[in-house]
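What follows is the residue order along each chain.
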Amino acid sequence: MSLELEIYTGVLVYKEIEFSYMFDGETLRLIPPKDKRHEIDGWLRQSLAVGVYLGREPYYIKDDYLKGICNETGQTMVFIPKNQQVGCYNCVLVIAVEAYLIQKYPREWIDRVSFECKELDGIFDTEQCIEKNEWSNKGIINVSTKDFDATTSKLQIFNVDGKEISVYFGITRRREKVFDGSLLTVHSVMYFEFEKTQNFLFVLQLWKYAKVFIQYLCYRENVWMGKTVIAAPADNGLHEPFAELTVVEDKTEEDKKIFEQKRCISQELIAGCEGKLLTDIANGNLYLRHLPKSYKDGLRIDAARFVMITAAFEWEFKRCYPEGIASVYKGLQ
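Keep in mind the model is a prediction, meaning the values are calculated, not measured.

Q: Residue-level account of the packing of helix H3 (residues 200–218) against helix H6 (residues 274–283), with values.
A: One way to put it is that H3 packs onto H6 with a least axis distance of 10 Å and a crossing angle of 115°. For the crossing formed where H3 meets H6, the hand is right-handed. Contacts from Tyr-209, Val-212, Phe-213 and Tyr-216 in H3 reach Glu-274, Leu-277, Leu-278, Ile-281 and Ala-282 in H6. Partitioning the contact of H3 with H6 into residue classes produces eight nonpolar, no polar and one charged.

Take a look at the structure:
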């Protein structure tokens, strides 16, 4: 459901005016109808005058997000502005977009977000789902996978602004008809589940925490969050995927060899601590300034990096032993 065309168009209602929109994956342009252009021009002129005399910015959108219907797919698109400041060109409003959603089905509530990317395939090893892999000299291949329960981690809890979020890992299996790839693919997924909400900004907030969590486990910043699926509560007590979230970010990826070598901390080594790590990330208690931009940068230690790594150690040591090093010696006696 992510963008496949270079430009999407549609209709969007803002301040009771029906705009036509164009979206290129980063910038949203709202084109007013001809009979409303004078009114739009009035917004901009009034705001500009205030800005000149009071030192304020020209014009801001007050809505947290904007909803529109896409002409190409007929689906609902939700745009979250990068900031509320709006540019303009001949009465066309120009808005930088931080994230957007494409809704496959119209649903009112959200209660789960799932994340899928190459880094997660290494953090929660996809190979653990294979139960049998038999080859014969007659060209017969028998491959079977374990069931979902055997390939799902134990549920952990973390807190965001007083709300409890459940986190766990699992492995998806997909059988696809393709001409240039595998018929069966498996990918690791990290799930966040929570009390149902209608707040898209909360979902974006969880996305940011998920990315920092993966960056921390991979010890590098250049992590690309490939696929984020949003689900609604279903009548049978399960979850119904209905939308995909895309955040406008730098899509620089690591060399393929890094993924093959699984250069990361595996979920097995932090099992039971996922919730604590995510709580610390949400509360800003986890030191992250020492993370290198890439794996290659992490191999170089200069004076600046040495200082940052030392600061990270001191930060975590103080959190673990608030009474100082004397308490460590006392514990060893």
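Q: Requested: an account of the environment of Glu-116, with residues and values cited.
A: Here Glu-116 shows up in strand S8 (residues 110–116). Glu-116 gets classed as buried once you look at its relative accessible area, which sits at 14%. Once the C-alpha coordinates of Glu-116 and Met-225 are considered, the two residues, 109 residues apart in sequence, prove to be 6.9 Å apart. Excluding residues that lie within four positions of it along the chain, Glu-116 makes contacts with Thr-172, Arg-174, His-187, Ser-188, Val-189, Met-225, Gly-226 and Lys-227. At a separation of 2.8 Å, a polar atom in the side chain of Glu-116 contacts the side chain of Arg-174.

Q: Give a description of the environment of Gln-198 that names residues and reports values.
A: With respect to the helices and strands, Gln-198 occurs in the loop between strand S13 (184–197) and H3. Residue class for Gln-198 comes out partly exposed when judged on its relative accessible area of 38%. Distance from Gln-198 to Trp-109, taken between C-alpha atoms, is 5.2 Å for residues 89 residues apart in sequence. Excluding residues within four positions of it along the chain, Gln-198 makes contact with Tyr-65, Glu-108 and Trp-109. Engagement of the side chain of Gln-198 in a polar contact is seen with the side chain of Glu-108, the distance being 3.2 Å.

Q: Tell me what's going on with the nonpolar core, and back it up with residues and numbers.
A: Within the largest apolar cluster, 48 residues are counted, with the highest numbers of intra-cluster contacts made by Phe-115, Met-190, Phe-192, Leu-206, Phe-213 and Ile-214. Ranked by residues supplied to this core, first place goes to H3 with 13 residues. Each residue touching Ile-214, except ones within four places of it in the same chain, is listed here: Cys-117, Glu-119, Leu-120, Ile-123, Met-190, Val-223 and Met-225. Counting 24 residues, the second largest nonpolar core, distinct from the first, contains Tyr-14, Ile-17, Ile-61 and Phe-79.

Q: How would you summarise the pattern of salt bridges if you had to cite specific residues and measurements?
A: Scanning the entire structure with this criterion turns up 10 salt bridges. For Lys-208, the salt bridge is made with Glu-98, and the minimal N-O distance between the two is 3.0 Å. Within this pair, whereas Lys-208 is found in helix H3, its partner Glu-98 is found in strand S7 (residues 92–103), the two being separated by 110 residues in sequence. The partly exposed category is assigned to Lys-208, whose relative accessible area is 38%. Among the ionic pairs, Arg-300 bridges to Asp-297, the shortest N-O distance being 2.6 Å.

Q: Tell me about the pairing of strand S11 (residues 156–160), and name the residues and values.
A: The alternating pattern of S11 places Gln-156, Phe-158 and Val-160 on a buried face and Ile-157 and Asn-159 on a face that is not buried. Examined bridge by bridge, S11 and strand S12 (residues 163–175) share five bridges and lie antiparallel to one another. Within S12, the position partnered with Gln-156 by the bridge is Val-167. Count of turn residues in the S11/S12 antiparallel hairpin: two residues, of which Asp-161 carries a positive phi of about 55°.

Q: Outline the environment of Ile-281, listing residues and values.
A: Residue placement: Ile-281 occurs in helix H6. Through-space distance from the C-alpha of Ile-281 to that of Tyr-216 is 9.7 Å; in sequence the pair is 65 residues apart. Dropping the residues within four chain positions of it, Ile-281 is found in contact with Tyr-209, Val-212, Phe-213 and Leu-286.

Reading the values: rules and limits
- Residues numbered from 1 in each chain as written.
- Predicted model: local features only at pLDDT ≥ 70, side-chain atom pairs only at ≥ 80, totals over all residues.
- Heavy atoms only, no water.
- Axes fitted to C-alpha atoms, helices over the stretch in contact; angles between N-to-C directions.
- Helix = DSSP H or I, 4+ residues; strand = E, 2+ residues; numbered from the N terminus.
- Left-handed = near helix turned anticlockwise from the far one by under 90°.
- Contact = heavy atoms within 4.5 Å.
- Nonpolar A, V, L, I, M, F, W, Y, C, P; charged D, E, K, R; others polar.
- Buried < 20%, exposed > 50% of the residue type's maximum accessible area, 1.4 Å probe, protein only.
- Polar contact = N/O pair within 3.5 Å; in protein donor to acceptor, adjacent residues only side chain to side chain.
- Core = buried A, V, L, I, M, F, W, Y, C linked by side-chain atoms within 4.5 Å.
- Salt bridge = Lys/Arg side-chain N within 4 Å of Asp/Glu carboxyl O.
- Pairing = 2+ DSSP bridges.

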